[in-house]
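Analysis of the macromolecular model
Here's the letter readout for the chains.
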Amino acid sequence: MHVFVFSYNRGPFLENCIQSIETCAPHCRLTVIDDGSDDPETRRVLADVATRHQVIDKTAETGHKLGGLYANMQAAYEMAGDDELICFLQDDTQMVRHLSEADIQALRESFEQQPDLGFISPAFVRGFSLRKPANRDFRFDQERGFWFWYPGKRSTGTWFSALLIANTARLRQVGWDFEVGESVNNRKAAELFCRMARMRAPFSMWLPNGRAYRGKQKSLALRFGEWSRRCGLYPLEIMTAAEVDALQAGQSPKLPVAEDCLKVRGNLRVKKPWAYDPMQGAGWLKVLDRIERKLRGLFS
């Protein structure tokens, strides 16, 4: 499997992500696609990673259009082999359990045996997503061996998420291209594939309470959100074999919710349900963020 990590100006996060992949999946090919980071710490991490893995910078002459998450995802897809498993992660994520050759072979066989399968999520379910009863409908398909989500109203994340596993041959068979925006890709995937499959024992997750960018910028509202939530680097512990077995074994599958299955390293306390956006749950901050970005656009 070829793992691609997309990064921008979050050096310590990227370093943690790469270390987790090297620990949990050392047999996987790893490529980092950076979106033009100019932060000295991130540049240092990229230089170090480049001594062991392929690192592609936005400014490099690659023959592919780079710039922005979805353009970089498309470039990664184009770089991958004709019949290759690809996994897309981001610098604010990490692997949380060891991924064996048997795990990867099982993923290959799932694509071979399920012709309508387009995307598999490698991530745990976010506890925040379960706040509303209408969004708690997760069903385990015994025949397929995956969880599927049936939310009451929203659909984004039902067929597609930016953290994904895919088979390049399957995507090219239907003429797939990554569009800009998760909702656009979600609607497109809904027309071509079954719902996004969710692993019984996922192997990756977004870090809780991480720092963020919006359009490569940090508005005052975003900075305030980061300050008020005490955002920073909160790495996750690698799961034990017993913890993984508890998810994989048994006749009654357990929904893999991040807060129930994972632990923050060093017993650092993070409020639950975990937040993955500094402005999560604060609508007034999101309004201020939009206003500030519009004003910047008018006067830039």
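What counts, and at which threshold
- Residues numbered from 1 in each chain as written.
- Predicted model: local features only at pLDDT ≥ 70, side-chain atom pairs only at ≥ 80, totals over all residues.
- Heavy atoms only, no water.
- Core = buried A, V, L, I, M, F, W, Y, C linked by side-chain atoms within 4.5 Å.
- Buried < 20%, exposed > 50% of the residue type's maximum accessible area, 1.4 Å probe, protein only.
- Helix = DSSP H or I, 4+ residues; strand = E, 2+ residues; numbered from the N terminus.
- Contact = heavy atoms within 4.5 Å.
- Polar contact = N/O pair within 3.5 Å; in protein donor to acceptor, adjacent residues only side chain to side chain.
- Axes fitted to C-alpha atoms, helices over the stretch in contact; angles between N-to-C directions.
- Parallel < 35°, antiparallel > 145°, perpendicular 65-115°, else oblique.
- Nonpolar A, V, L, I, M, F, W, Y, C, P; charged D, E, K, R; others polar.
- Pairing = 2+ DSSP bridges.
- Salt bridge = Lys/Arg side-chain N within 4 Å of Asp/Glu carboxyl O.

On to the nonpolar core. Counting residues in each nonpolar core, the largest one holds 53 residues, and the members touching the most others are Met 1, Val 3, Val 5, Ile 165 and Leu 262. Among the elements that line this core, the one with the most residues is helix H1 (residues 11–24), at six residues. Those residues in contact with Val 3, other than ones at most four positions away along the chain, are Ile 21, Cys 28, Arg 29, Leu 30, Thr 31, Cys 87, Leu 89 and Met 95. In this structure, Phe 4, Ala 162, Ala 166 and Trp 176 belong to the second largest nonpolar core, which totals 23 residues.

Next up on the list: the environment of Lys 263. Along the chain, Lys 263 turns up in the loop between helix H9 (258–261) and helix H10 (283–299). Put simply, Lys 263 and Gly 118 are 145 residues apart on the chain and 30 Å apart in space, counted from C-alpha to C-alpha. Ignoring sequence-local partners within four residues, the contact set of Lys 263 consists of Pro 235, Leu 236, Glu 237 and Glu 243. Polar contacts involving the side chain of Lys 263 include one to the side chain of Glu 243, which spans 3.0 Å.

The interhelical angle for the contact between H1 and helix H2 (residues 40–49), taken along N-to-C directions, is 25°, at an axis separation of 8 Å. Viewed along their axes, H1 and H2 adopt a mutual orientation that is roughly parallel. Contact residues: Gly 11, Pro 12, Leu 14, Glu 15 and Ile 18 in H1; Glu 41, Thr 42, Arg 44, Val 45, Leu 46 and Val 49 in H2. Looking at the contact of H1 with H2 residue by residue, the class counts come to six nonpolar, two polar and three charged.

This paragraph deals with the environment of Asn 209. Within the secondary structure, Asn 209 sits in the loop between strand E11 (204–206) and helix H7 (220–228). Apart from the residues within four sequence positions on either side, Asn 209 is in contact with Arg 229, Arg 230, Cys 231, Gly 232, Tyr 234, Val 270 and Ala 275.

Here we take up the packing of H7 against H10. One can describe the packing of H7 onto H10 by two numbers: an axis separation of 7 Å at closest approach and a directional angle of 145°. Residues Leu 220, Ala 221, Phe 224 and Gly 225 of H7 touch H10, and the partners they reach there are Trp 284, Leu 285, Leu 288, Asp 289 and Glu 292. Of the residues assigned to the contact of H7 with H10, the class counts are six nonpolar, one polar and two charged.

Burial along strand E7 (residues 138–141) is one-sided: Phe 138 and Phe 140 are buried, while Arg 139 and Asp 141, pointing the other way, are not. As judged from the four bridges shared by E7 and strand E8 (residues 146–149), these two strands associate in the antiparallel manner. The partner of Phe 138 across the bridge, within E8, is Trp 149. In sequence, E7 turns back onto E8 through a hairpin of four residues, with Gly 145 there showing a positive phi of about 85°.

Following the criterion strictly, the structure yields 15 salt bridges and no others. One salt bridge connects Arg 52 with Glu 22, and the closest N-O pair in it is separated by 2.7 Å. Of this pair, Arg 52 sits in the loop between H2 and strand E3 (54–57) while Glu 22 sits in helix H1, and the two are 30 residues apart along the sequence. Between Arg 43 and Asp 34 there is a salt bridge, with its nearest N and O atoms 3.7 Å apart. Using a relative accessible area of 37% as the deciding quantity, one classes Arg 43 as partly exposed. The network of salt bridges with shared partners includes Arg 10, Asp 91 and Asp 92.

Read these as layout, nothing more, since geometry by itself doesn't imply function.
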